[in-house]
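# Architecture at a glance
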Amino acid sequence: MNEALKPFVTTIDHVGIAVADLDAAIAFYAETFGLEATHTETNHDQGVREAMLHAPGDHDGPAIQLLAPLYPDSTIAKFLDNRGPGLQQLAYRVSNVEEAMAALKAKGLRVIYDTPRPGTAGSRVNFVHPKDAGGVLIELVEPAKTSGDAEG
C-alpha cells in the first residue's frame, strides 16, 4: 500500500469547481445549499478569481472553492473550454508541502511545479499530475502560517 502522504495529510482542504461567473456561482451555492463565502481573492499567478465557501459555522472545515478565469488563456479558462463547468480538483491540506512533494516524487509521481506556488489566503500549493492520480487533479495545500488556525 502506498502511504507516501500519510505523515503529511491533515484533512481534505477543499474541492475546486470551475465556474464561468464567480458572483453567480457564489449566489447559487448560498441560495441553494446555504454555504457562506468566507474568503474571496484574485490570484494573478494562477489566472483566477476565487472564493472559498464553507458550511455555516464551520469556517475551518473542508471548503468548496469556486474558480473563475481571469484571462482567456488561463488554466481554468482552458478547463471550461474543454470540459465545461464542474469539478476541477480535490485538495488535501498538508503539514509541509515540500516534504509531501518529495515523498510523492520518491514514489514516482509527478508534481506540476518544481517549487510550491502561492495559493489561497497565503497558502503554498502544488498539484499532482492527474495521470498519476487516477485521472484526478490533486492539490497539496500548506496553509499560511498564522498565530491562529489557518484557512486553506
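Structure first, text after, so check above.
The rules we used
- Every chain is numbered independently, its residues counted from 1 as its sequence is written.
- Given that this is a predicted model, residues contribute local features only at a pLDDT of at least 70 and side-chain atom pairs are listed and counted only at 80 or more, while totals for whole chains, interfaces and linings are drawn from all residues.
- Excluding hydrogens and water, the side-chain figures rest on all heavy atoms present in the structure.
- Pairing of aromatic rings covers Phe, Tyr and the six-membered ring of Trp, with a centre-to-centre limit of 6.5 Å; geometry is then stacked below 30 degrees between planes, edge-to-face above 60, and tilted otherwise.
- Burial status follows relative accessibility: with a 1.4 Å probe on protein chains alone, a residue under 20% of its type maximum counts as buried, one over 50% as exposed, and anything between as partly exposed.
- Runs of E in the DSSP output that reach at least two residues are strands. Runs of H or I that reach at least four are helices, and both are numbered from the N terminus.
- We call a charge positioned over a ring when the NZ of a Lys or the CZ of an Arg lies within 6 Å of the ring centre and within 35 degrees of the ring normal.
- A strand pair is defined by DSSP finding two or more bridges across the two strands.

This paragraph deals with the packing of aromatic side chains. Scanning all chains against the criterion turns up four aromatic pairs. A centroid spacing of 5.3 Å and a plane angle of 90° characterise the contact between Phe-28 and Tyr-29, whose relative ring orientation is edge-to-face. With a relative accessible area of 42%, Phe-28 lands in the partly exposed category. Residues Tyr-29 and Phe-33 carry aromatic rings whose centres are separated by 5.7 Å and whose planes lie at 40° to one another, so their mutual orientation is tilted. Of this pair, Tyr-29 and Phe-33 both sit in helix H1 (residues 22–33), four residues apart, roughly one helical turn. Judged by relative accessible area, Phe-33 falls into the exposed class, the value being 51%. Cluster of aromatic residues (ring-pair linked, three or more members): Phe-28, Tyr-29 and Phe-33. The positively charged end of Arg-117 is found above the aromatic ring belonging to Tyr-113, 3.8 Å away from the centroid.

Another aspect to go through is the pairing of strand S5 (residues 86–94). Bridge analysis of strand S1 (residues 9–18) against S5 gives eight bridges, and the strand direction is antiparallel. The partner of Val-15 across the bridge, within S5, is Leu-90. By the bridge criterion, four bridges tie S5 to strand S8 (residues 138–142) in an arrangement that is parallel. From the neighbouring strand, Ala-91 faces S8, where its bridge partner is Glu-139.

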